Structures are given as C-alpha cells and as structure tokens.
Amino acid sequence: MTDDIPYNVAKWQPSDQKAYNEWLNKVLEEAKAEENQRLLPPVQALKELIENDHYIWNLAQMMFDEIPANRVDAPADLPQVRDYHQMLLMINRIIQRAPEYNTTSFVGTPMAALFNYPMATRAGYAFFMNDKVNAKLRDILDYWGKYLKSEASTYVLNTSSRGWLCDEARERMAKKAYGDDFEKVFHCRSNDLDKHLGFTSWDDYFTREFNPGVRPVENADDPDSICASCESAPLKIARNLPLQDKFWMKGQPYSLLDLLQNDPWADKFKGGTLYQAFLSVFSFHRWNSPVDGTIVKAYNLPGAYYAENFYEGFTSTTPDDTQATASQGFLTSTATRAVIFIKSDNPKIGLMCFVAVGMSEVSSDEITVKVGQHVKKGDQLGLFHFGGSTHVMLFRPETQIEFNLHGQEPGLGSSDIKVNSEVARVK
C-alpha cells in the first residue's frame, strides 16, 4: 500500500492514507472508550430501525461482509469498521465533536470517510439509498449541525497544530482564495486569535465571508456576461440535454427530470446546456447569483446522503479508493439539493436554473433568497454548511452560450475559478 492515494472528484476524501489511518484509528479508539455510554437519541433511532426492520438489518450486515477481503486484510494500521454496532458507536462519537484541522481534505466530512468502504458495496448502495435510513441520517446530521453552530464547537478554533486558526490552516485558507493573509481575505469580527477572530462557532468559521472588495463582480454592467456562482473548479459542460433519455458523465446516467425531480419546468431546458463545477472543503461556501434577474422559484429537494454511484465499484488501482472517485455527477440527481430558478433581465438568457448539490455531511443547502426578489450579479443566493460540494447551472436551448474557463479544460484536474468572475457569455 502506498502512503498517498488520489483525491476523489470533490477532493474531500482521503488524499493522505497515513493521516486517514491515524484519524480513523483515533475515532475508533475513542468510540470504544465510550462504548458503555448511551447512544444519543438520533443514533439510537438508527439502531432501532436497523434492528426492527429485517430488510435493513440484512443490508447493514451484508455491506460489511461484501467489502473485498484484500481491503479488510489491509495492514494493521488501517482499522476497518467491521459491523454496524461499531459504525453506530463511531457516529455517536463524531457528532459530539467538531472536526479538528489537519492537512487532508476529508477533514470536513468525517462520516463520509467512516462510510468509505461499506457504501461501495451492493448492500451499501441499497442501505444508503433507503428512504427510512436517510430519514434517520438526516436527524443525525441535524443534531450534529446544531452542535457545530453552537459556541461549544469553538474549541477547535485555536492556534494549536490541530486548530483551525493555526498559521498553517490560515495560510492554506488564504492561498485557496488566492490571497496572502487570512484576516485580509476573510471578514473577521476580531483580530484576537484567543477570541477565535470573532467567529462564534465552527460553522460560522466555515461559512466565513470575503472582505469587501476581495471578490468584485467582473463585468458587472455587461448583461451578456455570466459570472461564477461559486468558488469552484469546472467539472463538466454538457449540451443538447435530453429530458428523459440519459446523458452520461463518467458512465453515470442522468436526465433533466432526475436532476430537477420531475419539476414541470424541466421541459424548458430540454436541448439546453449544463455547467457543473465542484468545491473543495477549503473553498468559499456561499453561492452567488450569476446574472441580474428575479427569483421565480426556489425550493429544497430531499435526497440520499451517502449513496454513491455503485457502477464504479471497487475499480481503482489503489487499495483505498472507492467509487467515490467518480460519483459527483451521480449525486446531482440523488443527493439533497437546493433548486433556484432565476429569470434573467437579459432576454438572451431568460430563465435559467442554479442547483446546489449537498454531498454527504454537506447537505444543509440553505437558500437565502425569496421568490419575487430581484438580485444583481454577485448577490448571495445561499450557502453550504459543513464544507465543499458541487453545483450546476442550467440554460435553455434558446440561450446561445460560450464558456470562459480561464484557460483550462473541465475535469478532475481543473482549478477553482473565482466566484463573481466571468465564466460564460451569451451571444
């Protein structure tokens, strides 16, 4: 086994196998030490669902049995979650703490890392796609989300090597945003590191805003210019979108009806264009309007939290990579989503749609605009809690659009395009 494995698509799964092993072992040992403690109410509810529903119980057993033996028999420093009892104990431990800083990108999604192997199996696919299971996972994530928004979670906002305000962490965040100083790039309510720079919770830190002037809107007065909605790396451009037939990205099946969950307006985008880009856990997590226009429809869609594209399987050449490597497109039709339709002031654009896709823990897609509200390019539409994710912009076939990807091709190796900078133009 090599020490390093590739990033997955979203760059929030393990990029450093040694660090991943150490983290998982730490969580496992802490969970065992707490074994005699009672499970928290939402974790207990998941346990009762598993043990009172024979079908789900079978899936919970099988998804660990189906992990290939060569992965289970990995070196001793790679602890594996062996059964659902151990999984529940580790969930119970995770949701009582805030993530500590480390140099690997899975830091913001510890439960996705916990489920890394079982969700790659056939039984795991069925388990994590099950509506009853997802209802319990939603309650678990809501419980954890409340903690991460509380003052108690600020204990990780410190200057130790595992604190999010250490020199390394602040430098990394600033460089990710192409800046040179964290306090100059991001809005801090205090200059005192001992007072967490004024951040009131871990979530408050992770949804931090840029300082005024850091991300000016490019071509603000040009109605033909479309700006980047998120600080994100371009992943896919698809044209002539079908309504019900499947279009493909890395072998993953989709349709507009799946993406918009049978919204009656999906038909308006048949034959149109899709742009998808992804955010890392270290990216800016707020979404901005790509155009001047009016919000005409906005809503959240429930979905699966930890389901991945089963058809990728355990296909990686490295022993510690799963189908998470290529599941981001799949999640645009299965994960929790926020859908916002905007009627652009520019008739050449007309109706367009922004879809924020919450992946795993990153499933708190908060919409902050209302129907009827007029927005300018660069105005906030909403935000992701927890960390990085992916998003989609849809354009109708009437919209003749050319993309400006700043000298790069869409794909896994692309780099972030600054939020509010031009990403496309209409002819």
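These notes cover the structure that comes with them. Numbering of residues starts from 1 in every chain and runs along the sequence as written. Totals for whole chains, interfaces and linings use every residue, but because this is a predicted model, local features are given only for residues with pLDDT of at least 70 and side-chain atom pairs only at 80 or more, for both listing and counting. Excluding hydrogens and water, the side-chain values take into account all heavy atoms of the structure.

### Considerations on helix 9 (residues 167-176)
Residue burial is assigned from relative accessible area. The probe radius is 1.4 Å, only protein chains are included, and a residue is buried under 20% of its type maximum, exposed over 50%, and partly exposed in between. Helix numbers and strand numbers start at the N terminus; a helix is a DSSP run of H or I with at least 4 residues, a strand a run of E with at least 2. For helix 9, the complete set of buried residues consists of Ala-169, Arg-170, Met-173 and Ala-174. Each buried residue of helix 9 lies within a common arc of 130° when the element is viewed along its axis, so the set occupies one face. Away from the buried face of helix 9 by more than 90 degrees, exposed residues Asp-167 and Lys-175 are located. Buried residues along helix 9 sit in contact with helix 10 (182-185) and helix 11 (202-206). Positive phi appears at Tyr-178, one or two residues downstream of helix 9, with a value of about 60°. This arc is built from the directions going out from the helix axis to the C-beta atoms. Any pair of residues with heavy atoms lying within 4.5 Å of one another is described as a contacting pair.

### Quick look at the nonpolar core
Buried Ala, Val, Leu, Ile, Met, Phe, Trp, Tyr and Cys residues that are joined via side-chain atoms within 4.5 Å together make up what is termed a nonpolar core. Formed by 71 residues in total, the largest nonpolar core has its most connected members in Ile-91, Met-111, Trp-164 and Tyr-306. By size, the runner-up hydrophobic cluster in this structure holds 29 residues, among which are Cys-230, Ile-295, Phe-395 and Val-426.

### Considerations on the side chain of Asn-420
Residue position: Asn-420 is located in the loop between strand 14 (401-403) and strand 15 (422-426). Apart from the residues within four sequence positions on either side, Asn-420 is in contact with Arg-215, Pro-216, Val-217, Glu-218, Cys-227, Ala-228, Asn-288 and Gly-378.

### Quick look at helix 3 (residues 54-65)
Along its 12 residues, helix 3 runs 17 Å from first to last C-alpha, staying within 8% of the 16 Å computed at 1.5 Å per residue. For helix 3, the set of buried residues is Ile-56, Leu-59, Ala-60, Met-63 and Phe-64. For helix 3, the arc enclosing every buried residue in end-on projection is 120°, short of the 170-degree limit, so these residues lie on one face. Exposed residues lying more than 90 degrees from the buried face of helix 3 are His-54 and Asp-65. Looking at the buried residues of helix 3, the elements they touch are helix 2 (41-52), helix 5 (84-94), helix 7 (122-129) and helix 8 (131-148). A helix is expected to span 1.5 Å for every residue after the first.

### A few points about the packing of aromatic side chains
By convention here, two paired aromatic rings are described through the distance between centres and the angle between planes. Any pair of Phe, Tyr and Trp rings, taking the six-membered ring for Trp, is counted once the centres come within 6.5 Å. Such a pair is stacked with planes under 30 degrees apart, edge-to-face with planes over 60 apart, and tilted for the rest. If you walk through the whole model with that rule in mind, you get 19 aromatic pairs. Ring centres of Phe-182 and Phe-186 lie 5.0 Å apart, and the angle between their planes is 45°; this geometry places the pair in the tilted category. You'll find Phe-182 and Phe-186 in the same group, each marked buried. Ring centres of Trp-265 and Phe-341 lie 5.1 Å apart, and the angle between their planes is 80°; on these two criteria the pair is classed as edge-to-face. Here Trp-265, found in the loop between helix 12 (256-259) and strand 5 (273-278), pairs with Phe-341, found in strand 8 (residues 336-344); they are 76 residues apart in sequence, far enough to count as distant. Taken together, Tyr-101, Trp-164, Phe-182, Phe-186, Phe-199, Trp-202, Tyr-205, Phe-206, Phe-210, Phe-282 and Phe-284 form an aromatic cluster joined through their ring pairs.

### Some remarks on the packing of helix 2 against helix 8
Between N-to-C directions, angles cover 0 to 180 degrees, with each direction set by a line fitted to C-alpha atoms, over the stretch in contact for helices. Orientation of helix 2 relative to helix 8, taken along the N-to-C sense of each, is 165°, at an axis distance of 8 Å. By the angle between their directions, the pair helix 2 and helix 8 is classed as roughly antiparallel. As helix 2 packs across helix 8, the resulting crossing turns out to be left-handed. For the pair helix 2 and helix 8, contact is made by Pro-42, Val-43, Ala-45, Leu-46 and Leu-49 and by Lys-132, Val-133, Lys-136, Leu-137, Asp-139, Ile-140 and Tyr-143, respectively. In these notes the angle categories are as follows: under 35 degrees is roughly parallel, over 145 is roughly antiparallel, 65 to 115 is roughly perpendicular, and the rest is oblique. For any pair of crossing helices, the crossing counts as left-handed if the nearer helix is rotated counterclockwise from the farther one by less than a right angle, and right-handed if it is rotated clockwise.

### Considering the environment of Val-426
Inspection of the secondary structure puts Val-426 in strand 15. Sequence-wise, Val-426 and Pro-223 are 203 residues apart; in three dimensions their C-alpha atoms are separated by 8.7 Å. Not counting residues up to four positions away in its chain, the partners in contact with Val-426 are Asp-224, Ile-226, Asn-346, Lys-348, Ile-349, Thr-399, Gln-400 and Ile-401.

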